[in-house]
2 protein chains.
Amino acid sequence: MLQNLEKIELSPSTLLSPVPVVLVSCRGREGSDNEKANLITLAWAGTVCSEPPMVSISVRKSRYSHRQITETGEFVINLVNEDLLQATDFCGVKSGQDIDKFTECHLTAVPAAGLSRAPAVAESPLCLSCQVKQVIPLGSHDCFIAEIIAVEAAASLMDRQKRLRLDKAQLVAYNHGNYYSLGEALGFFGYSVASEAVLAQRMRVLRALKPPKSGR
Amino acid sequence: MLQNLEKIELSPSTLLSPVPVVLVSCRGREGSDNEKANLITLAWAGTVCSEPPMVSISVRKSRYSHRQITETGEFVINLVNEDLLQATDFCGVKSGQDIDKFTECHLTAVPAAGLSRAPAVAESPLCLSCQVKQVIPLGSHDCFIAEIIAVEAAASLMDRQKRLRLDKAQLVAYNHGNYYSLGEALGFFGYSVASEAVLAQRMRVLRALKPPKSGR
């Protein structure tokens, strides 16, 4: 492991990578100027707590969606698969103030489990209903820390034992300005200390799980 | 896009995916009980602000590294490539209280740019020096919000124009308990609204960038 030892210093920047890319859906208060169902694409998102399950998303204060989420304290994180990527990229460069992103992207806003205002994206493989607990102003972005109060998954992602098979969802990762599919399964949590028998068996299962390439 | 419309509800859990997997390095105050250089593996990490560049990491209060980061307000996020994955997994299942993880994993602790206590991992392709600004208690985890005050990248990742080529780093993503390589380049930020000429040219470059498979 000597190839990385020589380093050069770069200016500080947001180089944590890979990061998720998600479609966040939201809607302002009923009767307010911001009541339209809306979508925003974010890569500044992360899990921040296990019990209770919590996430953070960071949104620029100038964004239309920022006003909507602030009004209702609700949003939905819709995971992005390869089929949703073009719409997701589009929602990252356009403002919901000017257009109806659901209509423009041929996506379907449906009620989200546990929430009263923010819709979910029907076409997403997995939707996390989130309730804002804290808003932390950080400079260009406000960080919304939220509890995941409900989860809805595509029925097609459940196996016969009714276990979620997120490996089949063809999720997309974001790496330094580009979107990538997930590639080879390299291991499972704990594989470095697994017995040889367990390792061989679980890696065989893991590699067999990889869905066939979409052929794009 | 009709295949995913049927949904089932699952219990709330931390299903944001894919997420980064990183090796965080830290060290307690000089002369304290926690002064040993240490490593912790985290998937609960995310970018939270662009200006200034900021990240969050969430750590269980019971962790040895939690005490260390609390003492000094410093840590380094070391990005994980395929070569580092086995050590990374190992550091996720063992406690630094019991062992010296750097020695155990044959990794090299080096001074981190801009920090006085937390070391960087020499073998990592990219190291983010972080200074804690806020600690937010959230339940099982405390969320450390930190500014990225320096970045060091492997010299081998810079191209002839001295641009960082993170696509060559063979970074690893974490998806629902498993580690994955990054696969096919699917697009660049803004590709959905790019002109046909720009799209064709940039996608050609992007696809050509993909490093040859490591042959594992």
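Throughout what follows, the structure given in this document is the object of discussion. Please read all numbers here as calculations on a predicted model, not as lab measurements. (Residues numbered from 1 in each chain as written. Chains lettered and ligands numbered in written order. Predicted model: local features only at pLDDT ≥ 70, side-chain atom pairs only at ≥ 80, totals over all residues.)

### Re the overall build of chain A
Part 1: Of regular secondary structure, chain A possesses 4 helices and 13 strands.
Part 2: Principal-axis analysis of the C-alpha atoms places the extent of chain A at approximately 60 × 50 × 40 Å.
Part 3: In chain A, buried positions account for 50% of the 216 residues.
Part 4: Considering only intrachain contacts with a sequence separation of at least 6, the fraction spanning at least 24 residues in chain A is 62%. (Helix = DSSP H or I, 4+ residues; strand = E, 2+ residues; numbered from the N terminus. Buried ≥ 20, exposed ≤ 12 C-beta atoms within 10 Å, placed from the backbone. Contact = placed C-beta atoms within 7 Å.)

### Structural notes on the pairing of strand β7 (residues 74–79) of chain A
Residue and element names in this part refer to chain A.
Part 1: Extensive coverage of β7 is indicated by the burial of 6 of its 6 residues.
Part 2: Relative to β7, strand β3 (residues 22–26) runs antiparallel, the two being bridged by 4 bridges. Within β7, the residue paired with Val22 across the bridge is Leu79. (Pairing = 2+ DSSP bridges.)

### Points about the nonpolar core
Part 1: Judged by nonpolar contacts, the single largest core of 127 residues is most densely connected at A:Val24, A:Val55, A:Val76, B:Val24, B:Val55 and B:Val76.
Part 2: Each residue touching A:Val24, except ones within four places of it in the same chain, is listed here: A:Leu39, A:Ile40, A:Leu42, A:Ile57, A:Ser65, A:Phe75, A:Val76 and A:Ile77. (Core = buried A, V, L, I, M, F, W, Y, C linked by C-beta atoms within 7 Å.)

### Some words on helix α2 (residues 85–93) of chain A
Part 1: Taken together, the buried positions of α2(A) are occupied by A:Leu85, A:Ala87, A:Thr88, A:Asp89 and A:Cys91.
Part 2: Close packing links the buried residues of α2(A) with β3, β4 (38–42), α3 (101–104), β12 (172–175) and β13 (178–188) of chain A together with β13 (178–188) of chain B.

### Concerning the pairing of strand β10 (residues 126–137) of chain B
All names here are of chain B.
Part 1: In terms of strand pairing, strand β7 (residues 74–79) meets β10 through 5 bridges, oriented antiparallel. Pairing of Val76 across the sheet is with Ser129, part of β10.
Part 2: Sheet topology places β10 next to strand β11 (residues 141–154); 11 bridges connect them, and they run antiparallel. Note that in β11 the partner of Gln131 across the bridge is Glu147.

### Side note on the environment of B:Thr70
All names here are of chain B.
Part 1: Assignment of secondary structure puts Thr70 in helix α1 (residues 64–72).
Part 2: Judged by the 18 C-beta atoms lying within 10 Å of it, Thr70 falls in the partly exposed class.
Part 3: Distance from Thr70 to Phe189, taken between C-alpha atoms, is 36 Å for residues 119 residues apart in sequence.

### What to know about the interface of chain A and chain B
Part 1: Across the contact, 94 residues belong to chain A and 94 residues belong to chain B.
Part 2: Looking at the side of chain A that touches chain B, the element that brings in the most residues is β13(A), giving 11 residues.
Part 3: Classifying every residue of the side of chain A that touches chain B gives 55 nonpolar, 28 polar and 11 charged.
Part 4: Both strand β1 (residues 7–10) of chain A and β11(B) contribute to a ladder of 4 bridges, which runs antiparallel. Bridge pairing in β11(B) links A:Ile8 to B:Ala153. (Nonpolar A, V, L, I, M, F, W, Y, C, P; charged D, E, K, R; others polar.)

### Quick look at unusual backbone geometry
Part 1: Cis peptide bonds are those with omega within 30 degrees of zero, and the linkage from A:Glu51 to A:Pro52 qualifies with -5 degrees.
Part 2: Of note, the phi angle at B:His106 is positive, near 55 degrees, even though the residue is not glycine.
Part 3: Looking at the secondary structure, you find B:His106 in the loop between α3 (101–104) and β8 (109–111).
Part 4: Since 9 C-beta atoms lie within 10 Å of it, B:His106 is described here as exposed.
Part 5: We note that B:Lys162 has phi near 60 degrees; this positive angle belongs to a residue other than glycine.
Part 6: Looking at the element boundaries, B:Lys162 is found in the loop between β11 and β12 (172–175).

### A few points about the relation of the copies chain A and chain B
Part 1: The two copies are related by a screw operation: chain A maps onto chain B through 180 degrees of rotation and 0.0 Å of translation along the axis, at an RMSD of 0.0 Å. What we have between these two chains is a two-fold relation. Ranked by how close their C-alpha atoms come to the rotation axis, the residues of chain A are headed by A:Gly183, at 1.9 Å.
Part 2: The residues that chain A uses at the interface reappear at the interface of chain B in 100% of cases, marking a shared surface. (Least-squares fit on C-alpha atoms with pLDDT ≥ 70 in both.)

### Considering the environment of A:Asp167
All names here are of chain A.
Part 1: Relative to the elements of secondary structure, Asp167 occurs in the loop between β11 (141–154) and β12.
Part 2: Looking at Asp167, the number of C-beta atoms within 10 Å reads 20, which means it is buried.
Part 3: Taking the C-alpha atoms as reference points, Asp167 and Leu206, separated by 39 residues in sequence, lie 9.0 Å from one another.

### Description of the sheet that holds β12(B)
Part 1: Taken in spatial order, the 6 strands make up an open sheet running β2(A)-β12(A)-β13(A)-β13(B)-β12(B)-β2(B), and their pairing is antiparallel. Two strands close off the open sheet at either side, each with one partner strand: β2 (19–20) of chain A together with β2 (19–20) of chain B.
Part 2: As judged from the 7 bridges shared by β13(A) and β13(B), these two strands associate in the antiparallel manner. Bridging from a neighbouring strand, A:Tyr179 pairs with B:Gly187 of β13(B).

### Observations concerning helix α1 (residues 64–72) of chain A
Residues and elements named next belong to chain A.
Part 1: Counting buried residues in α1 gives 7 out of 9 residues, a clear majority hidden from the surface.
Part 2: By the burial criterion, the buried members of α1 are Tyr64, Ser65, His66, Arg67, Gln68, Ile69 and Thr72.
Part 3: Here the buried face of α1 lies against β3, β4, β6 (54–60), β7, β10 (126–137) and β11.
Part 4: Remark: Gly73 follows α1 within two positions and exhibits a positive phi of approximately 65 degrees.

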